[in-house]
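Below, each chain spelled out in residue letters.
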Amino acid sequence: MDKSWNSRTQLVHGGTARSQWGEVSESIFMTQGFVYDSAEAAAQRFIECGPDEFIYARYGNPTVAMFERRIAGLEGAEDAFATASGMAAVSGALMSMLRAGDHVVAARALFGSCLYVLEEVLTRYGVEVTFVDGADLEQWRAAIRPTTRVVFFETIANPTQEVVDIRGVADLAHGVGATVVIDNVFATPVFSNAIAQGADVVVYSATKHIDGQGRALGGVILGTRDFIRKTVEPYMKHTGGSMSPFTAWIMLKGLETIDLRVRAQAASALALTDALQGHPKLAQVIYPGHSSHPQHDLVARQMGKGGTVVTLDLGGQAQAFRFLNAVKIALISNNLGDTKSIITHPATTTHQRLSDEQRATLGITPGMVRLSMGIEDTDDLIADVMQALDSV
Ligand SMILES: *Cc1c(COP(=O)(O)O)cnc(C)c1O
């Protein structure tokens, strides 16, 4: 791989390793283990395993390594470790570096399973966690203290799309020597500029835009070579959350087209948001890439574009349900970043377990609908949303 390549080139060719057959498409090395030439060679590999040498698929595999190198090249990270799911990546990034007595500051608006890891798992092992309103830098300033070891947040909150100022939080965290870990799904790997903005560790659910075609669960942790190989790898390889070679192949092929897909999805999201301005059936239209978003300047500075999700508020649950049932193209489901548009009612599905009070604190209203834009024709998508709104 050539460091001077722009990301579109990097996404097609980066990380490819060819076997003696010279195959064009990346191979799936569907093998659990590897054969050594001699007893001495086996012994030597267990003493020191080089970057293109493998021992056992839980530790590493050629197809998985290709995926790790390709995504690291896109993110501008020194290294990456691929995981079985996004949650294996989030929990692995945190558990591998935290110990009893450490303090973590996290944004309150988190994916449900991330909240579980921080609130229920880490605290069980003596880690103290303080939650803040992620968009409010003053709350981060007040919560971060000398024993703070990690700060954790989703760059764009789901589904309210409030944006965290990565550089602002990173400056505060680095002031006490804390590590900045971000879950960057909503920003997408295409628009992410997180490491340049001060993030130390970036985590993705590859299930979302990286596969982007609804096929497989996966995740990845990105960071410095030292952090990935000395902190993350030992933890992941011994606790078992490694990525399958078959999944890695799906994700590698997903990366080939991610730039095209995500840019098309973001363009549709912007066009839809434009078309919906002032619509009488909507209490709110939220898209970070649109000038109507309250943090539009921060989004422009931090990532340029606004991601692939548009959040609508229809004023009440009955109206939201009528809208979901009237939409014809978008599927009622709960993934995002897929080539197929997907529509979700967060209050009764993804955020159903929260109390009314918790949802209100996070700004998740009963009328809120999350629309993950697919790669269908933009005009078709807009026309479909319009006809569904007419029927509300
Ligand atoms: C989906 C998601 C996860 C978890 O990813 P899985 O691949 O489902 O384990 C974590 N964080 C965010 C923001 C997500 O959207």
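All figures in this text were calculated on a predicted structure; none of them were measured in a lab.

Rules of the game
Along each chain, residues carry numbers from 1 onward, in the same order as the chain's sequence is written. Under the rules for a predicted model, residues below a pLDDT of 70 receive no local features and side-chain atom pairs below 80 are neither given nor counted, while totals for whole chains, interfaces and linings still include all residues. Working from all heavy atoms in the structure, the side-chain values ignore hydrogens and water. A run of H or I in DSSP becomes a helix once it reaches four residues, and a run of E becomes a strand once it reaches two; helices and strands are each numbered from the N terminus. Every radius of gyration here is taken over C-alpha atoms, with the globule rule written as 2.2 Å times N^0.38, N being the number of residues. We call a residue buried when its accessible area falls under 20% of the maximum for its residue type, exposed when it is over 50%, and partly exposed in between, using a 1.4 Å probe and counting protein chains only. Contacts are assigned to residue pairs with any non-hydrogen atoms lying within 4.5 Å of each other. Accessible surface is estimated by sampling points in the Shrake-Rupley manner with a 1.4 Å probe; for residues, cover comes only from the protein chains shown. Any carboxyl oxygen of Asp or Glu within 4 Å of a side-chain nitrogen of Lys or Arg constitutes a salt bridge here. DSSP calls a pair of strands paired once it identifies at least 2 bridges connecting them. Here a residue is considered near a molecule or strand provided that any single heavy atom belonging to it is located within 4 Å of it. Distance and chemistry together define a polar contact, namely a pair of N or O atoms within 3.5 Å, with one atom able to donate a hydrogen and the other to accept it when in protein, and with adjacent residues in sequence counting only for side-chain atoms on both sides. Lys, Arg, Asp and Glu make up the charged group, whereas Ala, Val, Leu, Ile, Met, Phe, Trp, Tyr, Cys and Pro make up the nonpolar group; the residues left over, Gly among them, are polar. Axis definition: a line fitted to C-alpha atoms, limited for helices to the stretch in contact. Angles are taken between N-to-C directions and run from 0 to 180 degrees. To pair, rings of Phe, Tyr and Trp, with the six-membered ring standing in for Trp, must have centres within 6.5 Å; the planes then decide the type, stacked if under 30 degrees apart, edge-to-face if over 60, and tilted in the middle. As a reminder, the over-ring test applies to NZ of lysine and CZ of arginine, requiring each to be within 6 Å of the ring centre and within 35 degrees of the ring normal. Reported domain spans reflect what an automatic or database domain assignment gives. Once two parts are brought into contact, the accessible area they lose, counted with a 1.4 Å probe and summed over both, makes up the buried area.

## A closer look at the overall build of the chain
Moving on, step 1. For the chain, the helix and strand inventory stands at 14 helices and 12 strands.
Moving on, step 2. Radius of gyration (C-alpha) of the chain: 21 Å, near the 21 Å computed for a compact globule of 392 residues.
Moving on, step 3. Within the chain, the fraction of its 392 residues that count as buried is 55%.
Moving on, step 4. Considering only contacts in the chain between residues 6 or more positions apart, those separated by 24 or more positions represent 72%.
Moving on, step 5. Accessible area for the chain stands at about 16,600 Å²; split by element, carbon and sulfur atoms hold 52% of it.

## Details of the side chain of Asp79
Moving on, step 1. As for its position among the elements, Asp79 is in strand E1 (residues 79–83).
Moving on, step 2. Under the relative-accessibility criterion, Asp79 is labelled buried at 12%.
Moving on, step 3. Apart from the residues within four sequence positions on either side, Asp79 is in contact with Ala72, Ile221, Leu222, Gly223, Thr224, Arg225, Ile228 and Arg229.

## What about the pattern of salt bridges?
Moving on, step 1. Tallied over the entire structure, the rule returns 18 salt bridges.
Moving on, step 2. For Arg229, the salt bridge is made with Glu233, and the minimal N-O distance between the two is 2.5 Å. One end of the pair, Arg229, and the other, Glu233, are both in helix H9 (residues 225–239), 4 residues apart, so they sit about a helical turn from each other.
Moving on, step 3. For Arg229, a relative accessible area of 27% puts it in the partly exposed group.

## Re the pairing of E1
Moving on, step 1. The buried fraction of E1 amounts to 5 of the 5 residues, a majority that puts the element mostly inside the structure.
Moving on, step 2. Across the two faces of E1 the burial is the same, with Asp79, Phe81 and Thr83 and Ala80 and Ala82 all buried.
Moving on, step 3. Inspection of the sheet shows E1 paired to strand E7 (residues 219–223) by 5 bridges, in the antiparallel sense. Within the sheet, the bridge partner assigned to Ala80 lies in E7 and is Leu222.

## Observations regarding the site of the ligand
Moving on, step 1. Gly86, Asp183, Ser205, Thr207 and Lys208 are the nearest of the 13 residues found near the ligand.
Moving on, step 2. Here an oxygen atom of the ligand sits 2.8 Å away from a polar atom, N or O, in the main chain of Gly86.
Moving on, step 3. Asp183 is positioned such that a nitrogen or oxygen atom in its side chain is 2.6 Å from a nitrogen atom of the ligand.
Moving on, step 4. Here the ligand, which alone exposes 380 Å², has 92% of that area covered by the protein.
Moving on, step 5. Residue composition of the shell around the ligand, by class: 5 nonpolar, 5 polar and 3 charged.

## A short note on the sheet that holds strand E2 (residues 103–107)
Moving on, step 1. Taken in spatial order, the 7 strands line up as E1-E7-E6-E5-E4-E2-E3 in an open sheet, and their pairing is mixed. Only two strands of the sheet have a single partner each, and these edge strands are E1 and strand E3 (128–132). Within this sheet the neighbouring strands show an average axis-to-axis angle of 20°, counted without direction.
Moving on, step 2. Contacting E1, strand E6 (201–205) and E7, helix H3 (residues 62–75) crosses the sheet at an angle of about 130° to E1.

## A look at the packing of aromatic side chains
Moving on, step 1. For the structure shown, the criterion picks out 5 aromatic pairs.
Moving on, step 2. Aromatic side chains Tyr56 and Tyr59 sit 6.2 Å apart centroid to centroid with 90° between the ring planes, which places their arrangement in the edge-to-face category.
Moving on, step 3. The partly exposed category is assigned to Tyr56, whose relative accessible area is 33%.
Moving on, step 4. Using a relative accessible area of 28% as the deciding quantity, one classes Tyr59 as partly exposed.
Moving on, step 5. Sitting above the plane of the Tyr59 ring, Lys237 keeps its charged end 4.5 Å from the centroid.

## A look at the domain arrangement of the chain
Moving on, step 1. We note that the domain assignment places domain 1 (7–254) and domain 2 (259–390) within the chain.
Moving on, step 2. If you average the C-alpha positions of domain 1 and of domain 2, the two centres end up 27 Å apart.
Moving on, step 3. Roughly 3,000 Å² of surface becomes buried between domain 1 and domain 2 when both sides are summed, with 59% attributable to carbon and sulfur atoms.
Moving on, step 4. Contact with domain 2 buries surface across domain 1, with Pro159, Gln161 and Phe191 losing the most and accounting together for 24% of the total.
Moving on, step 5. Our count for the domain 1 to domain 2 interface comes out at 15 residue pairs in polar contact (both at pLDDT 80 or more).
Moving on, step 6. Those elements that provide at least two residues to the side of domain 1 that touches domain 2 are helix H1 (7–13), helix H5 (112–121), helix H7 (166–175) and helix H8 (188–191).

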